[in-house]
Number of protein chains: 2
Amino acid sequence: MRGLTEKQKRILQLISEHIDTCGFPPTYQQMCDQLGFSSKNAIKKHIDALVAKGYLEKDSSPRGMRIVDPAYQPASLNESAVPLIGHVAAGFPILAEENVERYVPVPRHLITSEGRYFALRVRGDSMINAGIFENDLVIVKAANVAGHNDIVVALLGDEVTVKRLIVEPPLTYLKAENPAYQDIIPQESWTIQGKVVGLVRETMN
Amino acid sequence: MRGLTEKQKRILQLISEHIDTCGFPPTYQQMCDQLGFSSKNAIKKHIDALVAKGYLEKDSSPRGMRIVDPAYQPASLNESAVPLIGHVAAGFPILAEENVERYVPVPRHLITSEGRYFALRVRGDSMINAGIFENDLVIVKAANVAGHNDIVVALLGDEVTVKRLIVEPPLTYLKAENPAYQDIIPQESWTIQGKVVGLVRETMN
DNA sequence: ACAAAAAGTGTACGAGCGTACACGGGATTA
DNA sequence: TAATCCCGTGTACGCTCGTACACTTTTTGT
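Here the residue index of a chain counts from 1 through its sequence in written order. Following the order in which they are written, the chains are lettered starting with A and the ligands numbered starting with 1. Where local features are concerned, this predicted model is filtered to residues with pLDDT of at least 70; where side-chain atom pairs are given and counted, the filter is 80 or more; whole-chain, interface and lining totals use all residues. Calculated side-chain values reflect all of the structure's heavy atoms, with hydrogen atoms and water omitted.

Colleague: Hey, could you run me through the overall build of chain A in this one?
Modeller: Helix and strand assignments follow DSSP, with helices taken as H or I runs no shorter than four residues and strands as E runs no shorter than two, numbered in order from the N terminus. Along its length, chain A carries 3 helices and 10 strands. In chain A, the order of α-helices and β-strands from amino to carboxyl end is α-α-α-β-β-β-β-β-β-β-β-β-β. We call a residue buried when its accessible area falls under 20% of the maximum for its residue type, exposed when it is over 50%, and partly exposed in between, using a 1.4 Å probe and counting protein chains only. Counting the 205 residues in chain A, one finds 44% classified as buried. Relative to all contacts within chain A whose residues are 6 or more apart in sequence, the contacts with residues 24 or more apart total 54%. Computed with a 1.4 Å probe, the accessible areas rest on the Shrake-Rupley method; for each residue, only the protein chains presented here act as cover. Accessible area of chain A: about 10,400 Å², with a carbon and sulfur share of 50%. We call two residues in contact whenever any of their non-hydrogen atoms come within 4.5 Å of each other.

Here's what the structure looks like:
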């Protein structure tokens, strides 16, 4: 993977931009028009050079190209998106479409193999000692069980809460990471919804 | 934008998966093969229905489709990737290609218009009271100046550090968010490299 | 029970796309 | 001066893709 000429860089950038804008790579003709060329062959030669140098992969059908170099990657392919659960409507399962506010990108290696994931906006400051602040988004792997000391998302009645799970047989309870809060030893039935595997903070003020 | 039939959902999902895998949408023929159909028209009708319902946009050239519904958005288009700066080689500008370790996806709305951004892995626990832990990735907007109370990335000699910027004329200094650390009132020359605008935590242990 | 919508097959066609080949010009190097 | 890249033009060709039309079957709704 050696150096690129200026024109070749321009081509890569053009492809990347087009994918960002339209969701798919451009045709040779479109790139011609955009660069003011009048022959598709100018493009083809650059593309061939890029393939030869390993920056691009091609399959010879229309728009059939894929950028290899991560520096020019449009936006994704090493990443994935998980649904951000907004207000949880009572009665609905937590992952129901009705609850999805938007989607949050996360590094793909957080999303190991299969398993459903979601994001949740944190309310309150009960976990500040674990570095989880109000309005942070926690990335959660859906699960019904979890281990000792895992940070989990639990459902108590209608309320969704993020706490540390403490397993000290015969006792299992939820612990806040903030001395101002007491442990929660639920009387009513409660369920684990998932395990926190990551965090995204979008506001720094 | 009304309800979809099961088959139509399947089609949307198929397109999304293909984009994830290959970087561009499939052709009608490819979708046929994958679903075991023997006529491209089956696909075309579903696609037309999806367009009519507003879930898809089409331009009548090969692979020319774009998913509108965010729930089926492949992985990107609402997100962007910023370079993760690994070890900073002395002498190199911080954003030099040599320093890039990999790319980190972040929500696009963090990346306002133009301006260069990067990510940095946090070393040490000097900012724990701001909820910034060791090994967290801070998302940084490159800048040479910053305001009072901003969390900034500063370069002191060869060392890159994350601290809160305190502007109390005539004094300007860096403050750690951890009582165990003292304020840094640099004698030598130092520069602001950028302002922290977000945070990503990939490890929760 | 009847009509309408959804789902799928088969054939044929025209246009757009990638490709191949021949050609010209400028810049750098031996 | 010749050789070699890099860059662009022009023409022609064949294949693939999206599209249109006719027809069948199953599911849904009133």
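From this point on, the discussion continues.
Colleague: Would you mind going over the nonpolar core with me for this structure?
Modeller: Where a protein is soluble and globular, its nonpolar side chains tend to be buried together. Among buried residues, the Ala, Val, Leu, Ile, Met, Phe, Trp, Tyr and Cys ones that are joined through side-chain atoms within 4.5 Å form a nonpolar core. Among the nonpolar cores identified, the biggest contains 30 residues, and Ile132 and Val138 of chain A together with Ile132 and Val138 of chain B are the most heavily contacted of them. Filtering out sequence-adjacent residues up to four positions away, Ile132 of chain A remains in contact with Val122, Met127, Val138, Ile151 and Leu199 of chain A together with Arg201 and Met204 of chain B. Val104 and Val106 of chain A together with Leu84 and Val200 of chain B belong to the second-largest nonpolar core, a separate cluster that totals 20 residues.

Colleague: When you look at the pattern of salt bridges in this model, what are you seeing that I'm missing?
Modeller: Two side chains with opposite charge may pair up if their charged atoms get near one another. Residue and element names in this part refer to chain B. Salt bridges are identified by distance alone: a Lys or Arg side-chain nitrogen within 4 Å of an Asp or Glu carboxyl oxygen. By the definition in use, this model includes 14 salt bridges over all chains. Its salt-bridge partner being Asp136, residue Arg201 comes within 2.9 Å of it at the nearest N-O pair. A residue pair is termed long-range when its members are at least 10 positions apart, and Arg201 in strand β10 (residues 190–201) and Asp136 in the loop between β5 (117–121) and β6 (137–142) qualify at 65 residues. For Arg201, a relative accessible area of 4% translates into the label buried. Overall, the relative accessible area of 0% leaves Asp136 in the buried class. Between Arg164 and Glu177 there is a salt bridge whose closest N-O contact spans 2.5 Å. Here Arg164 is found in strand β8 (residues 159–168), whereas its partner Glu177 is found in the loop between β9 (171–175) and β10, with 13 residues between them in sequence. With respect to class, Arg164 is no different from Glu177; both count as buried.

Colleague: Can you help me understand the protein's contact with DNA strand C in this one?
Modeller: When we say a residue is near a molecule or strand, we mean one of its heavy atoms is within 4 Å of it. What surrounds DNA strand C is a group of 19 residues, the closest being Asn41 and Lys58 of chain A together with Lys7, Asn41 and Lys45 of chain B. Sugar and phosphate atoms form 56% of the subset of DNA strand C atoms that lie within 4 Å of the protein. Separating a phosphate oxygen of DNA strand C from a side-chain N or O atom of Thr5 of chain B is a distance of 3.1 Å. Under this definition, polar contacts are N or O atom pairs within 3.5 Å; protein pairs additionally need one hydrogen-donor-capable and one acceptor-capable atom, and for neighbouring residues in sequence, both atoms have to be side-chain atoms. A distance of 3.4 Å separates a phosphate oxygen of DNA strand C from a polar atom in the side chain of His46 of chain B. Examining the composition of the surface near DNA strand C, we find that 4 residues originate from one element, helix α3 (residues 40–52) of chain B, more than from any other.

Colleague: Could you clarify how one ought to interpret the environment of Ile184 of chain A in this entry?
Modeller: All names here are of chain A. As for its position among the elements, Ile184 is in the loop between β9 (171–175) and β10 (190–201). Taking the relative accessible area as the measure of exposure, Ile184 reaches 24% and is therefore partly exposed. Along the sequence, Ile184 and Thr172 sit 12 residues apart, while their C-alpha atoms lie 9.7 Å from each other.

Colleague: Would you explain helix α3 (residues 40–53) of chain A in this entry?
Modeller: Within an α-helix, residues lying three or four positions from one another point in the same direction, as the helix has 3.6 residues per turn. Residues and elements named next belong to chain A. Here the expected length of a helix is defined as 1.5 Å per residue gap, with one fewer gap than residues. With 14 residues, α3 ought to run about 20 Å at 1.5 Å a step, and its terminal C-alpha atoms sit 20 Å apart, in line with that. Of all the residues in α3, the buried ones are Ile43, His46, Ile47, Ala49 and Leu50. For α3, the buried positions fall inside an angular range of 160 degrees around the axis, keeping them on one side. Facing away from the buried side of α3, by more than 90 degrees, are the exposed residues Lys45 and Ala52. The inward-facing, buried residues of α3 contact α1 (6–22), α2 (28–35), β1 (56–58) and β2 (65–67). Gly54, located one to two residues past α3, shows a positive phi value of around 90 degrees. The arc in question is the one spanned by the directions pointing from the helix axis to the C-beta atoms.

Colleague: Is there a simple way to explain the protein's contact with DNA strand D in this structure?
Modeller: Surrounding DNA strand D, one finds 18 residues, the nearest of these being Lys7, Asn41 and Lys45 of chain A together with Asn41 and Lys58 of chain B. Within 4 Å of the protein, the contacting atoms of DNA strand D are drawn from sugar and phosphate to the extent of 57%. Between DNA strand D and the protein, one listed contact pairs a base nitrogen with a side-chain N or O atom of Ser39 of chain A at 3.2 Å. A distance of 3.0 Å separates a base nitrogen of DNA strand D from a polar side-chain atom of Lys40 of chain B. Counting only elements with at least two residues in the surface near DNA strand D, the list comes to α3 of chain A together with α3 of chain B. Among the elements that line the surface near DNA strand D, the one with the most residues is α3 of chain A, at 4 residues. The residue classification treats Ala, Val, Leu, Ile, Met, Phe, Trp, Tyr, Cys and Pro as nonpolar and Asp, Glu, Lys and Arg as charged. All others, Gly included, are polar. Among the residues forming the surface near DNA strand D, the class breakdown is 4 nonpolar, 8 polar and 6 charged.

Colleague: How do you make sense of the packing of helix α2 (residues 28–35) of chain B against α3 of chain B when you look at a structure like this?
Modeller: Geometry of a packed helix pair, given as the angle between the helix axes and the separation of the axes. Residue and element names in this part refer to chain B. Across the interface, α2 lies against α3 with an axial gap of 8 Å and an inter-helix angle of 110 degrees. Of the possible angle classes, the one that applies to α2 and α3 is roughly perpendicular. Each of Tyr28, Gln29, Met31, Cys32 and Leu35 in α2 lies in contact with α3, whose residues at this interface are Lys40, Ile43, Lys44 and Ile47. The residue makeup of the contact of α2 with α3, split by class, is 6 nonpolar, 1 polar and 2 charged. A fitted line through C-alpha atoms serves as each axis, taken over the contacting stretch for helices, and the angle formed by two N-to-C directions is quoted from 0 to 180°. Each angle gets one of four labels, with under 35 degrees taken as roughly parallel, over 145 as roughly antiparallel, 65 to 115 as roughly perpendicular, and the rest as oblique.

Colleague: What exactly am I supposed to notice about the packing of aromatic side chains here?
Modeller: Pairs of aromatic rings are described using the distance from one ring centre to the other and the angle between the two planes. The criterion for an aromatic pair is that two Phe, Tyr or Trp rings (for Trp, the six-membered ring) have centres within 6.5 Å, with stacked assigned to planes under 30 degrees apart, edge-to-face to planes over 60 apart and tilted to the rest. Inspection of every chain in the model, using the stated rule, returns 0 aromatic pairs over all chains. Should the NZ of a Lys or the CZ of an Arg lie within 6 Å of a ring centre and within 35 degrees of the ring normal, that charge is described as sitting over the ring. Note that Arg201 of chain B overlies the ring of Phe133 of chain B, its terminal NZ or CZ placed 4.9 Å from the centroid.

Colleague: Help me understand the pairing of β6 of chain B, please; the structure alone is not making it clear to me.
Modeller: One face of the sheet, then the other: side chains in a regular strand alternate in exactly this way. Bridge analysis of β5 of chain B against β6 of chain B gives 5 bridges, and the strand direction is antiparallel. Across the sheet, the residue bridging to Ala119 of chain B is Ile139 of chain B, located in β6 of chain B. Criterion used throughout: strands pair if DSSP finds at least two bridges between them.

Colleague: Which parts of the structure should I look at to understand the side chain of Lys163 of chain B?
Modeller: Residue and element names in this part refer to chain B. For Lys163, the location among the structural elements is in strand β8. Despite its burial, Lys163 pairs with no opposite charge; the closest candidate is Glu159, at 6.8 Å N-O. Polar contacts involving the side chain of Lys163 include one to the side chain of Ser126, which spans 3.2 Å. In terms of polar contacts, Lys163 uses its side chain to reach the side chain of Thr161, at 2.7 Å. Charge counting treats Lys and Arg as positive and Asp and Glu as negative, with His and both chain ends excluded.

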